[in-house]
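Secondary and tertiary structure notes
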Amino acid sequence: MDNTSTSDIVIINGNSHPDLANMVAERMGIKNGGCSVFHKSNRETIVEISDSVRGKDIYIIQTGTKDANNNIMELLIMAYACKTSSARSIVGVIPYLPYSKQCKMRKRGCIVSKLLAKMMCTSGLTHIITMDLHQKEIQGFFDIPVDNLRASPFLLQYIQESIPDYRNSVIVARNPGVAKKANSYAERLRLGLAVIHGEQKETDADEVDGRYSPPPTSARQRTTSVSVGVPEHIVKVKPPLTIVGDVSGRIAIMVDDLIDDVQAFVAAAEMLKENGACKIYVLATHGLLSSDAPRQLDESPIDEIVVTNTIPHEIQKLQCHKIKTIDISILIAEAIRRIHNKESMSYLFRNVTLED
């Protein structure tokens, strides 16, 4: 890339997404650093860095995949290896941050993304570059700078250039939690908005939580009783799936940050089809597509699924011809260039609203 001093940049990667690392290195006009990551017969991870990293700026490209635990250990060991080899700075480039959906307290569990952030900081990482976190507040879990890049400009461009007659579209939020993101897309494209309300099954937030359990009765009262007693927790009853908004004769475009378990998307697509949507698109930043997602998508009313290459999904594309990929390596390469040259990152966030 132009105006970049690359002599002090070293790009290394683990086994999660070597193709993306090679594309970023090629766009920057530098060679991918020599780093070998492999597993012993007992599944321990071994990292060998062949090139010198002393006094250099290291960028470790390692995303989250279905093998999230191995991805994390590879990243931590690579970062610690660079730290103990006297690297000047160690930047973790993590397009999809694993465990980002576990950012709230559930039952008697824990906030796993907070634990992961502490582990990354301890391993020696001095900066994080990621993309479309599930919740922006996750940045506060880190004690180091975090740049949360946005894929929305690429997805908006795809809508405008690759969806015929997109002016006849309506942006759809498959649940009220995605309504802010969907509204942002609708405002930029000057399109209508529809929201699907209701659930086929309980969400994580509505699961029975032990914290609502009544205290055990005891013969000896430790507190003074009140006349009205403790109010009972009112059970939330969700209605069946309903659509707020008109999709009849329109192109329905569902937007989200992650596609993993696709049952909710398929159920929403069937509801849209029943209400007269002529074509259905699904756009998301991260395409994890676990389990038998390709088969379910192939058999669903969804016409096209568009995701970026933050996560490798070449096998899924062979199983489902509806999946399309947008390359975001140019955005990651530009972010690395700006951080290395100590330039402002605000250019990469221009015209991006808080709802993205």
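Calculation criteria
Residues numbered from 1 in each chain as written. Predicted model: local features only at pLDDT ≥ 70, side-chain atom pairs only at ≥ 80, totals over all residues. Heavy atoms only, no water. UniProt positions renumbered as here; feature names shortened; annotations may be inferred. Helix = DSSP H or I, 4+ residues; strand = E, 2+ residues; numbered from the N terminus. Buried < 20%, exposed > 50% of the residue type's maximum accessible area, 1.4 Å probe, protein only. Pairing = 2+ DSSP bridges. Axes fitted to C-alpha atoms, helices over the stretch in contact; angles between N-to-C directions. Parallel < 35°, antiparallel > 145°, perpendicular 65-115°, else oblique. Left-handed = near helix turned anticlockwise from the far one by under 90°. Contact = heavy atoms within 4.5 Å. Nonpolar A, V, L, I, M, F, W, Y, C, P; charged D, E, K, R; others polar. Salt bridge = Lys/Arg side-chain N within 4 Å of Asp/Glu carboxyl O. Lys, Arg positive; Asp, Glu negative; His and termini not counted. Polar contact = N/O pair within 3.5 Å; in protein donor to acceptor, adjacent residues only side chain to side chain. Expected span 1.5 Å × (residues − 1).

As its UniProt record puts it under Sequence similarities (unreviewed entry), the protein is described as follows: "Belongs to the ribose-phosphate pyrophosphokinase family."

A separate point is unusual backbone geometry. Leaving glycine out, the prevailing phi sign among residues is negative, and the prevailing peptide bond configuration is trans. Of note, Arg43 is a non-glycine position whose phi angle comes to about 75°, a positive value. Its place among the elements puts Arg43 in the loop between strand 2 (35–39) and strand 3 (45–49). Take Arg43: its relative accessible area is 52%, and that puts it in the exposed class. The backbone phi angle of Tyr99 is positive, close to 65°, even though this residue is not glycine. Position of Tyr99 relative to the elements: it lies in the loop between strand 5 (89–94) and helix 3 (112–123).

Within the open sheet, the seven strands sit side by side as 10-9-8-11-12-13-14. Their pairing is mixed. This sheet does not close on itself; its edge strands, each paired only once, are strand 10 (242–244) and strand 14 (323–326). Between one strand axis and the next, the sheet turns by 25° as a mean value, whatever way the strands run. With four bridges joining them, strand 12 (residues 279–287) and strand 13 (residues 304–308) adopt parallel strand pairing. Within strand 13, the position partnered with Ala284 by the bridge is Val307.

Sheet topology note: the strand 2/strand 3 ladder contains five bridges and is antiparallel. Across the sheet, Phe38 pairs through a bridge with Ile46, a residue of strand 3.

Another aspect to go through is the packing of helix 1 (residues 18–28) against helix 9 (residues 329–340). One can describe the packing of helix 1 onto helix 9 by two numbers: an axis separation of 9 Å at closest approach and a directional angle of 60°. The orientation of helix 1 relative to helix 9 falls into the category oblique. The handedness of the crossing between helix 1 and helix 9 is right-handed. Contacts between helix 1 and helix 9 involve Leu20, Met23, Val24, Arg27 and Met28 from the first element and Ser329, Ile330, Ile332, Ala333, Ile336 and Arg337 from the second. Residues that form the contact of helix 1 with helix 9 fall into these classes: eight nonpolar, one polar and two charged.

Charged atoms that come close allow side chains of opposite charge to pair. Scanning the entire structure with this criterion turns up 11 salt bridges. When the shortest N-O distance is used, the salt bridge between Arg295 and Asp292 registers 2.5 Å. By relative accessible area, which is 42% here, Arg295 ends up partly exposed. Given a relative accessible area of 29%, Asp292 falls into the partly exposed group. Overlapping salt bridges, with partners in common, bring together Glu334, Arg337, Arg338 and Glu343 in one network.

What follows is about the pairing of strand 6 (residues 127–131). Among the five residues of strand 6, five are classified as buried, and the element is accordingly described as predominantly covered. The alternating pattern of strand 6 places His127, Ile129 and Met131 and Ile128 and Thr130 on opposite faces, both of which are buried. The sheet contact formed by strand 6 and strand 7 (residues 146–149) spans four bridges and is parallel. Residue pairing for strand 7: Ile129 is matched across the bridge by Asp147.

On to the side chain of Asp132, then. Assignment of secondary structure puts Asp132 in the loop between strand 6 and strand 7. Here Asp132 is buried and forms no salt bridge, its nearest opposite-charge partner Arg150 lying at an N-O distance of 4.7 Å. Within polar-contact distance, the side chain of Asp132 engages the side chain of Thr285 at 2.4 Å. Ignoring anything within four residues of it in the chain, the contact list for Asp132 reads Asn148, Leu149, Arg150, Ala151, Asp257, Thr285 and His286.

As a further point, take helix 9. At 3.6 residues per turn, the α-helix brings residues three or four places apart onto the same side. With 12 residues, helix 9 extends 16 Å from end C-alpha to end C-alpha; this agrees with the ideal 16 Å at 1.5 Å per step. Of all 12 residues that make up helix 9, 11 are buried, and the element is covered over most of its length. For helix 9, the full list of buried residues reads Ser329, Leu331, Ile332, Ala333, Glu334, Ala335, Ile336, Arg337, Arg338, Ile339 and His340. After helix 9 finishes, the residue Lys342 shows a positive phi value of roughly 60°.

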